[in-house]
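Here is how the chains run, residue by residue.
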Amino acid sequence: MPIKFNRFSGILLTLGIIAGFQANAIAQPSNHTLADRFQQAMFTSNPDFFQNRSFGRQFDWLLGTNGFPDNEINRDAKRTDDLYRTALEQQVSSDPVIRTRDLPNPYGTSVLESKKSSNPN
């Protein structure tokens, strides 16, 4: 008794064709400045005060359907902190370390090593 795979093979063939035509993701250079990226990170989950006053946001504040405001603020703060740390790492790692000699210093000893004054006060 032969098994008919007409419908099943048609579905597999269609999925194979769709998978073959998927475009590869190409990274696009970002035109956003660092300040824009910080602004976006800070107000992604929890918008500013004026955008946060809509009826939907008031309803969401009561029921927490998209997350309660304090959790949204935490997510935004975490996202901003991650961006800050990444920006600092990129700033430090982009150039080689520059080492310079110390400037001449007239104070070659510490205060503890200096001679005590003869003033008995």
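Here, the structure is the one placed above.
Residues numbered from 1 in each chain as written. Predicted model: local features only at pLDDT ≥ 70, side-chain atom pairs only at ≥ 80, totals over all residues. Heavy atoms only, no water.

Chemist: In this structure, what is going on with helix H4 (residues 69-93)? I would like to understand it.
Modeler: Each turn of an α-helix holds 3.6 residues, which means side chains three or four residues apart point in the same direction. For H4, with 25 residues, the first-to-last C-alpha span of 36 Å sits near the 36 Å given by 1.5 Å per residue. Among all positions in H4, only Glu72, Asp76, Thr80, Leu83 and Ala87 are buried. Structurally, H4 contributes buried residues whose contacts are with helix H2 (34-42) and helix H3 (55-63). (Helix = DSSP H or I, 4+ residues; strand = E, 2+ residues; numbered from the N terminus. Expected span 1.5 Å × (residues − 1). Buried < 20%, exposed > 50% of the residue type's maximum accessible area, 1.4 Å probe, protein only. Contact = heavy atoms within 4.5 Å.)

Chemist: Looking at this model, I keep getting lost on the pattern of salt bridges. Mind explaining?
Modeler: Pairing is possible between side chains of opposite charge, provided their charged atoms come close. Enumeration according to the criterion identifies three salt bridges in this entry. A salt bridge links arginine 79 to aspartate 76; the shortest N-O distance between them is 2.8 Å. Here aspartate 76 and arginine 79 lie together in helix H4, a separation of three residues that amounts to about one turn. The class of arginine 79 is partly exposed, set by a relative accessible area of 32%. Residue arginine 85 pairs with aspartate 81 through a salt bridge whose shortest N-O separation is 3.1 Å. Of this pair, arginine 85 and aspartate 81 both sit in helix H4, four residues apart, roughly one helical turn. (Salt bridge = Lys/Arg side-chain N within 4 Å of Asp/Glu carboxyl O.)

Chemist: Sorry, what's going on with the side chain of aspartate 76 here?
Modeler: Residue class for aspartate 76 comes out buried when judged on its relative accessible area of 1%. The contact partners of aspartate 76, leaving out residues within four places of it in the chain, are Ala41, Met42, Phe43, Thr44, Ser45 and Asn46.

So yeah, pure geometry; function would need other evidence.
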